[in-house]
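Structure at a glance
For reference, the chains in residue letters:
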Amino acid sequence: MDLVLTTAAVSENDQLAYWCEAMAGTRVPMAVTPRGDGPFAGRITIGRVGYLRVATVEADAYRAGRTASHIARSAEQFVGIGVQVSGRTALAQGGRRADAGPGDLYVYDTAHPYILEHPERFSVRIVHMPRRALGLSDAELRRVTGTAIGTGQGCGAVLMPFLTTLVNSTDSYSPTAAGRLAASVIELFATLVAETAPDAGAEEETSRGHLVARIRDHIDRNLGDPALAPEGIAKAHHISVRYLHRLFEDEGITVGRLVQRRRLEECARELGRGGRAAPTVSSVAQRWGFVNPAHFSRVFRGAYGISPREWRSVRAAWNGDGSGPFVVPDRRSLRQLPRLP
């Protein structure tokens, strides 16, 4: 059921404070400054469609700003799409300024500061998409945030009536239908992002390459942490787990497999050093993030064809004292070695 919040329910002296509280509870925290000196009138109708937050906002002229302190107090961040119904909206974000009139769309990112100016009484329909559900990088989102999009053609022409109907009829969808409609909005938005920057392919590939390199470096620096996993890696780089997996589709290996492979390589390297003061197999395994010694032995044998202890003996027999240049073993080179007694 939709919730309706209106300043008509409070006294004139309390209207602005009520509106600020309503904005924070239904959209995101912002600082609101009215454009006029008289009473302030506003009305918000809010609802949900699956994991989307939707609202219709009708109010007198005001200026709203979202700052770094507002962002720090927010538990979740969203990408918002506004469908301008009446009046005008000026959006400023990321060094861009966009003006939206009736029938236009505008896009903003609540994870970064922005300003919304409504110079006259207005009406706008808002759809907030959880940032984590989009599977888009910061570079991809920057293509459209802080911009106004016409709806005369292209993806904007599809999105505008779709979002209008979605916001106006939130109560008419079953939970299953609402979930599918929310997913459709996410896909349409991803199409809009791709459509607005057809010439940014090379730039995006460079950005992706730098991000993958940073993620690989992060993995190498944290191999000893048993809790190292895709969820934590994605959070450390401010991306969704879904986008993290997309990044590594072109790398030919999953993130989990990469972590395990790098741990095994470091274990094999350390076990291969030999020497009288060589650490135990279990201590090496734990140093590189393997909690269970039996599990470590299984995955080591699965990767290299022999157990960790056998590899240590092979390395000593191969190089005498194990002090020669080290190369991580592969199955072919191991098959060429004499079988141990």
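Before reading on, note that the structure itself is shown above.
What this report covers is the structure whose coordinates are included nearby. Since the model is a prediction, treat every value here as computed from it, not as a measurement.

The rules behind the values
Throughout this document, residue positions are counted from 1 along each chain, in the order its sequence is written. Local features are withheld for residues below a pLDDT of 70 in this predicted model, meaning they are given only at 70 or higher, and side-chain atom pairs are given and counted only at 80 or more; totals for whole chains, interfaces and linings count all residues. Side-chain descriptors were evaluated using all non-hydrogen atoms of the structure, hydrogens and water having been removed beforehand. Here, the term nonpolar core denotes a set of buried Ala, Val, Leu, Ile, Met, Phe, Trp, Tyr and Cys residues that are joined through side-chain atoms within 4.5 Å. The cut-offs for exposure are 20% and 50% of the maximum accessible area for each residue type, with area from a 1.4 Å probe on protein chains only; residues under the lower value are buried, those over the upper are exposed, and the others partly exposed. Helical segments are the DSSP runs of H or I of at least four residues, strand segments are the runs of E of at least two, and each set is numbered from the N terminus. Note on contacts: a residue pair qualifies if any of its non-hydrogen atoms lie within 4.5 Å across the two residues. Think of it this way: DSSP has to see at least two bridges between two strands before they count as a pair. Every case where a carboxyl oxygen of Asp or Glu lies within 4 Å of a side-chain nitrogen of Lys or Arg is listed as a salt bridge. Axis definition: a line fit to C-alpha positions, over the contact stretch in the case of helices; interaxial angles, taken between N-to-C directions, run 0 to 180 degrees. Reported orientations rely on four angle classes, namely roughly parallel under 35 degrees, roughly antiparallel over 145, roughly perpendicular from 65 to 115, and oblique for the rest. Classification convention: Asp, Glu, Lys, Arg as charged; Ala, Val, Leu, Ile, Met, Phe, Trp, Tyr, Cys, Pro as nonpolar; all other residues, Gly among them, as polar. Under the rule applied, a polar contact is a pair of N or O atoms within 3.5 Å (in protein, one hydrogen donor and one hydrogen acceptor; residues adjacent in sequence only if both atoms are side-chain atoms). Each Phe, Tyr or Trp ring, with Trp reduced to its six-membered ring, pairs with another whose centre is within 6.5 Å; inter-plane angles below 30 degrees give stacked pairs, above 60 give edge-to-face pairs, and intermediate values give tilted ones. To obtain the arc, one takes the directions from the helix axis to the C-beta atoms. How far a helix is expected to stretch is found by multiplying one less than its residue total by 1.5 Å.

Further remarks concern the nonpolar core. Counting 33 residues, the largest nonpolar core has Ile215, Ile219 and Phe296 as the members making the most contacts within it. Taken together, the elements giving at least two residues each to this core come down to helix H7 (201–221), helix H8 (230–236), helix H9 (241–249), helix H10 (255–271), helix H11 (281–287), helix H12 (293–304) and helix H13 (308–319). It is H10 that contributes the most residues to this core, seven residues altogether. Once residues lying within four places of it in the same chain are set aside, the contact partners of Phe296 are Leu264, Cys267, Leu271, Val281, Ala285, Phe290 and Pro308. Counting 29 residues, the second largest nonpolar core, distinct from the first, contains Leu136, Ala178, Ile186 and Val193.

We now examine the pairing of strand E3 (residues 42–49). Pairing of strand E1 (residues 3–6) with E3 involves four bridges; the strand directions are antiparallel. By the bridge assignment for E3, Leu5 is matched with Ile44. For E3 and strand E4 (residues 52–59), the ladder comprises eight bridges, and the chain directions are antiparallel. The partner of Ile46 across the bridge, within E4, is Ala55. Connecting E3 to the antiparallel partner E4 that follows it, the hairpin turn spans two residues, and Gly50 within it adopts a positive phi of roughly 60°.

In the structure shown here, the tally under the stated rule is 16 salt bridges. Ionic pairing is found between Asp138 and Arg131, a salt bridge with its closest N-O pair at 2.6 Å. Under the relative-accessibility criterion, Asp138 is labelled partly exposed at 27%. Classification of Arg131 by relative accessible area gives buried; the value is 16%. By sharing partners, the salt bridges in this structure join Asp220, Arg261, Arg262, Glu265, Glu266 and Arg269 into a single network.

On to the packing of H10 against H12. Direction vectors running N to C along H10 and H12 enclose 90°, while the axes themselves pass 11 Å from each other. Taken together, H10 and H12 sit at an angle that is classed as roughly perpendicular. Where H10 abuts H12, its residues Gln260, Leu264, Glu265, Cys267, Ala268 and Leu271 lie against His295, Phe296, Val299, Phe300, Ala303 and Tyr304. Per-class residue counts for the contact of H10 with H12 are nine nonpolar, two polar and one charged.

Next up on the list: the side chain of Glu117. Inspection of the secondary structure puts Glu117 in strand E10 (residues 114–118). By relative accessible area, which is 19% here, Glu117 ends up buried. In this structure the side chain of Glu117 is engaged in a polar contact, spanning 2.9 Å, whose partner is the side chain of Arg63. The contacts of Glu117, once residues within four sequence positions are left out, are Arg35, Tyr62, Arg63, Arg88, Thr89 and Ala90.

Moving on: the sheet that holds E3. Reading across the sheet, the seven strands line up as E1-E3-E4-E11-E6-E9-E12 and stay open at both edges, with antiparallel pairing between neighbours. In the strand order of this sheet, the two ends are held by E1 and strand E12 (147–149), each with one partner. With direction set aside, neighbouring strand axes in the sheet form an average angle of 20°. Each of E3, E4, strand E6 (78–86), strand E9 (105–109), strand E11 (122–130) and E12 is contacted by helix H5 (residues 154–168), which is oriented at about 95° to E11, the strand it contacts most.

Let us now look at the packing of aromatic side chains. Taken as a whole and judged by the stated rule, the model has nine aromatic pairs. Each ring, one from Trp19 and one from Tyr62, has its centre 6.2 Å from the other, and the planes form 70°; the classification is edge-to-face. Note that Trp19 is positioned in helix H1 (residues 15–26) and Tyr62 in strand E5 (residues 62–66), a separation of 43 residues in sequence. A centroid spacing of 4.8 Å and a plane angle of 35° characterise the contact between Tyr108 and Tyr114, whose relative ring orientation is tilted. Among the aromatic side chains, those forming a connected cluster through ring pairs are Trp19, Phe40, Tyr62 and Phe122.

This paragraph deals with H5. Listed as buried for H5 are Cys155, Gly156, Leu159, Leu163, Thr164, Leu166 and Val167. Axial view of H5: buried residues confined to an arc of 165°, hence all on one face.

Taking 1.5 Å as the rise per residue, H10 with 17 residues should run 24 Å; its terminal C-alpha atoms sit 24 Å apart, in good agreement. Burial analysis of H10 places twelve of its 17 residues in the buried class, the great majority of the element. For H10, every residue scored as buried is listed here: Val255, Leu258, Val259, Arg262, Arg263, Leu264, Glu265, Glu266, Cys267, Ala268, Glu270 and Leu271.

Spatially, E2-E5-E10-E7-E8 is the arrangement adopted by the five strands of the open sheet, whose pairing is antiparallel. Of all the strands in the sheet, the pair left with one neighbour each is strand E2 (31–34) and strand E8 (96–100). In this sheet, neighbouring strand axes are inclined to one another by 15° on average, regardless of whether the strands run parallel or antiparallel. In terms of strand pairing, E2 meets E5 through four bridges, oriented antiparallel. Residue pairing across strands places Thr33 opposite Arg63, the latter belonging to E5.

Take unusual backbone geometry next. The backbone of His238 shows a phi angle near 60°, a positive value even though the residue is not glycine. Within the secondary structure layout, His238 lies in the loop between H8 and H9. Of the residues examined, His238 reaches a relative accessible area of 61% and is grouped as exposed.

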